[in-house]
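What the coordinates show
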Amino acid sequence: MLFPARYARYVFSFVMSIYMVTIMTFVITIVNTGMSDGFAGRWWQAFYIAWPIAFVLILIGAPRLQVLATKLIKKAPQTEPESK
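Residues numbered from 1 in each chain as written. Predicted model: local features only at pLDDT ≥ 70, side-chain atom pairs only at ≥ 80, totals over all residues. Heavy atoms only, no water.

Once that is clear, we can look at the environment of Ser-17. Secondary-structure assignment places Ser-17 in helix H1 (residues 8–33). Residue Ser-17 is classed as buried on the basis of its relative accessible area, which comes to 0%. Along the backbone, Ser-17 and Phe-55 are 38 residues apart, and their C-alpha atoms lie at a distance of 5.2 Å. Excluding residues within four positions of it along the chain, Ser-17 makes contact with Thr-22, Trp-51, Ala-54, Phe-55 and Ile-58. Separated by 2.9 Å, the side chain of Ser-17 and the backbone oxygen of Ser-13 make a polar contact. Here Trp-51 takes part through its side chain, which lies 2.8 Å from a polar atom of the side chain of Ser-17. (Helix = DSSP H or I, 4+ residues; strand = E, 2+ residues; numbered from the N terminus. Buried < 20%, exposed > 50% of the residue type's maximum accessible area, 1.4 Å probe, protein only. Contact = heavy atoms within 4.5 Å. Polar contact = N/O pair within 3.5 Å; in protein donor to acceptor, adjacent residues only side chain to side chain.)

Have a look at this one:
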């Protein structure tokens, strides 16, 4: 392992924000400006503005959203074990 378990929340937030922001800024930059000259620069500008925001939002919001998602999931009814 590269990081101690106590850093799990930060590692998750970092990885998730990189993943999300890379894809989202790429798609939005293509939709808004196309794949023309200067695309990489426009994409990079969108990325470096969006990434710190996404990182903080995930860091703060992920634990609360996980609790909310758990509450929204319908639990399967427990079945009685069959007696022989």
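Still more ground to cover, so stick around.
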